[in-house]
Amino acid sequence: MSFDQQGGGRSFDRQMYKGDWQCAKCGTPITELPFEPDPSRLDKLLCRQCHQERVRSFRR
Ligand SMILES: [Zn+2]
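Residues numbered from 1 in each chain as written. Predicted model: local features only at pLDDT ≥ 70, side-chain atom pairs only at ≥ 80, totals over all residues.

Turning our attention to the environment of Lys 18. Within the secondary structure layout, Lys 18 lies in strand β1 (residues 17-22). Apart from residues lying up to four places away in sequence, Lys 18 is in contact with Thr 31 and Glu 32. (Helix = DSSP H or I, 4+ residues; strand = E, 2+ residues; numbered from the N terminus. Contact = placed C-beta atoms within 7 Å.)

It is worth spelling out the pairing of strand β2 (residues 29-33) at this point. Strand residues, when the strand is regular, have side chains that alternate between the two faces of the sheet. Burial within β2 is sparse, with just 0 of its 5 residues counted as buried. In this sheet, β2 lies alongside β1 in antiparallel orientation, the contact comprising 4 bridges. Each residue of the ladder has a partner; that of Tyr 17, found in β2, is Leu 33. Following β1, the chain reverses through 6 residues before pairing antiparallel with β2; Gly 27 in that reversal takes a positive phi of roughly 85°. (Buried ≥ 20, exposed ≤ 12 C-beta atoms within 10 Å, placed from the backbone. Pairing = 2+ DSSP bridges.)

We now examine the environment of Asp 43. Its location among the elements puts Asp 43 in the loop between β2 and α1 (48-59). Separated by 22 residues in the primary sequence, Asp 43 and Trp 21 have C-alpha atoms spaced 8.4 Å apart.

Spelled out as structure tokens, the structure:
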């Protein structure tokens, strides 16, 4: 009977990773990401807009 205090209130804390990247598609500078980018895929990063377009094309 104690589900009101799960994990000390950090479960929905969304961490942003800051850096100096560039979108592989449109060249927009990317300074924040909601995930830690894979160093081997830094040249394939997409900005938020291109990422959304890609997700949309997946969902048909
Ligand atoms: Zn882009």
